[in-house]
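The chain contents come next:
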Amino acid sequence: MPALIDLHCHSTISDGLLTPEELVAYAASKGVKVMALTDHDELGGLARARAAANHAGIQFINGVEVSVTWKRQTLHIVGLNIDPEHAELQQAFEAVRTGREMRAKEIALGLAKAGIHGAYEGAKALAGDAIMTRSHFAQYLVQAGHARNMKSVFKKYMVKG
């Protein structure tokens, strides 16, 4: 049987459901031998995941999923074997985090105009220390009873305009 490899994983540092440590433990339980943590525009979980992978006997590769806009489309590019200490990379992701924070406030404002108040605080509570994403707003809207499921949130609320 060939070794199991997963080079595209997300943790709670971006939009995943498991912490970096929980993600590595889950991968180990499934027999993964090589993995990369590729959180969206974020390097903050790499050291934690690496430590957990070393403990679990998993070969770990530093990764990131970079969000870019090209011809008005958002694209996601997976980068592997990256240097998380690279100053320019860190600065670029800091700028992305600032932009995401501004976008989160705009989403909350739009939801408030639609009569849904407290969305920023609700999404922030779900995100914790991670960058707030549209998924955190969607989770909040479902939990608060404004939508049946995540799919309906993205159809009704997370649309242009």
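Preceding this section is the structure that the text describes.
All of these numbers come straight from a predicted model, not from anything done at the bench. All residue numbers here refer to positions counted from 1 along the written sequence of the relevant chain. Under the rules for a predicted model, residues below a pLDDT of 70 receive no local features and side-chain atom pairs below 80 are neither given nor counted, while totals for whole chains, interfaces and linings still include all residues. Water and hydrogen atoms were dropped before computing side-chain values, which therefore reflect all heavy atoms in the structure.

Draft legend 1. The pattern of salt bridges, seen in detail. Salt bridges, as used here, are contacts in which a Lys or Arg side-chain nitrogen is within 4 Å of a carboxyl oxygen on Asp or Glu. Enumeration according to the criterion identifies 5 salt bridges in this entry. The partner of arginine 100 in a salt bridge is aspartate 41, and the shortest N-O contact between them spans 2.7 Å. Of the two residues, arginine 100 sits in helix α3 (residues 87-113) while aspartate 41 sits in the loop between β2 (32-37) and α2 (46-56), which places them 59 residues apart along the sequence. Each of the two residues, arginine 100 as well as aspartate 41, counts as buried. The partner of glutamate 42 in a salt bridge is arginine 97, with the nearest N and O atoms 3.2 Å apart. With glutamate 42 in the loop between β2 and α2 and arginine 97 in helix α3, this residue pair connects regions lying 55 residues apart in the sequence. Beyond isolated ion pairs, a larger network of salt bridges with shared partners links Glu42, Glu94 and Arg97. Secondary structure elements follow DSSP: runs of H or I no shorter than four residues count as helices, runs of E no shorter than two count as strands, and numbering proceeds from the N terminus. Buried, partly exposed and exposed residues are distinguished by accessible area as a fraction of the type maximum, computed with a 1.4 Å probe on protein chains only: under 20%, between the cut-offs, and over 50%, respectively.

Draft legend 2. Quick peek at the layout of surface pockets. Counted as a void, the largest pocket has a volume near 970 Å³. Both cavities and pockets are sets of points on a 1 Å grid over the protein atoms alone; in a cavity a 1.4 Å probe fits but cannot get out, in a pocket the set is open with protein on both sides within 12 Å along at least five of seven lines, and lining residues sit with an atom within 4 Å of a point. In terms of lining residues, the largest pocket is bounded by 25 residues, among which Arg103, Ile107, Arg134, Met158 and Val159 are the most central. Listed by contribution, the elements that provide at least two residues to the lining of the largest pocket are β3 (59-70), β4 (73-80), α3 and α5 (134-143). Looking at the lining of the largest pocket element by element, the count peaks at 6 residues for α3. Residue classes follow a fixed rule: Ala, Val, Leu, Ile, Met, Phe, Trp, Tyr, Cys and Pro count as nonpolar, while Asp, Glu, Lys and Arg count as charged, and any other residue, Gly among them, counts as polar. Here the lining of the largest pocket is composed, by residue class, of 7 nonpolar, 10 polar and 8 charged. Grid points are joined across faces, edges and corners, and a volume is the space filled by probe spheres set on the points. Put simply, the second largest pocket is a space of about 190 Å³. Lining of the second largest pocket is provided by Thr12, Ser14, Asp15, Gly16, Leu17, Leu126, Ala127, Thr133, Ser135, His136, Gln139 and Met150. Contributing elements (two or more residues each) for the lining of the second largest pocket: α4 (119-127) and α5.

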